[in-house]
Amino acid sequence: MKIDFKKTLDAYSARHNTFRTLVVPPLTYLMIDGHGDPNTAPQYAEAMAAIYPVAYALKFASKNTLDRDYVVPPLEALWWAEDMNSFTTERDKSEWNWTTMIMVPDWIDRPMFEAAVATAASKSNSDASSRVRLETLDEGLCVQTLHIGSYDDETPVLEELHRRYIPESGLTMTGKHHEIYLSDARRVEPAKLRTILRQPVAHSAESASL
């Protein structure tokens, strides 16, 4: 049977207009780092062109050699900047750093990953595939919600999350802002895009002492 991790992993579960606290287990991803506005930065386009061929090479290798088939999980990204106001009040995307990611099953090992990178590189005129790395991300305690709409309309949700929900819950932000793109922006109109917004957190020292 083909596994769809969006349906089997609790980390991909989120509801619109609801903040949910959960513990996200360590997950392994294909990753590429970059900087700049994802709409205009050449690095971002190169990252997209590199990460998907590796992801699909791994899927087919898993199916053909291990008889374990799965749906390639959705694109994800970590976002951060020196001034985090660039995500909310300013939305200055030129200041953003990012790591694009696609989750891979826990049975994928490093030799399979290296073979997939080699396969992808052999079919491309770019060396971008060499920038793809395999890394485990352990986010632990997180708060997440489902945003429906344009990416540029996330600001009110993030303001509510950062400035009200997290502090009022006795939490502090720890890791990087994480987005999971459940919709294909090439095929879905902006008003209907579905994106999980996730923020790693920790219990604040004040709340922990109560």
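All residue numbers here refer to positions counted from 1 along the written sequence of the relevant chain. The predicted origin of the model limits local features to residues at a pLDDT of at least 70 and limits the giving and counting of side-chain atom pairs to 80 or more, whereas totals for whole chains, interfaces and linings rest on all residues. Neither water nor hydrogens contribute to the side-chain values; these are computed over all heavy atoms in the structure.

K.L.:
Would you explain the nonpolar core in this entry?
P.N.:
One broad rule of soluble globular proteins: the nonpolar side chains tend to lie buried together. Membership of the largest hydrophobic core comes to 47 residues, with the highest contact counts inside it found for Leu-30, Val-54 and Leu-58. We count a stretch as a helix when DSSP gives it H or I for four or more residues in a row; a strand needs E for two or more, and each element gets its number in order from the N terminus. No other element matches helix α2 (residues 42–66), which puts nine residues into this core. Setting aside residues no more than four positions away along its own chain, Val-54 makes contact with Leu-30, Phe-113, Ala-116, Val-117, Ala-120 and Val-132. Phe-19, Val-143, Leu-161 and Val-201 belong to the second-largest nonpolar core, a separate cluster that totals seven residues. Put simply, a nonpolar core is a bunch of buried Ala, Val, Leu, Ile, Met, Phe, Trp, Tyr and Cys residues held in one set by side-chain atoms that sit within 4.5 Å of each other. Exposure is judged per residue with a 1.4 Å probe applied to protein chains only, and the accessible area is read against the type maximum: over 50% gives exposed, under 20% gives buried, and values in between give partly exposed. The contact criterion used throughout is that any non-hydrogen atoms of two residues lie within 4.5 Å.

K.L.:
Please explain the pairing of strand β6 (residues 140–148) as it appears in this structure.
P.N.:
Within a regular beta strand, the side chains point alternately toward one face of the sheet and then the other, so they alternate between its two faces. With seven of nine residues buried, β6 lies mostly within the body of the structure. We treat two strands as partners when DSSP finds at least two bridges between them. The pairing of strand β1 (residues 20–24) with β6 spans five bridges and is antiparallel. The residue bridging Thr-21 from the neighbouring strand is Val-143, located in β6. Relative to strand β9 (residues 194–203), β6 runs antiparallel, the two sharing seven bridges. Following the sheet pairing, Thr-145 is matched in β9 by Leu-197.

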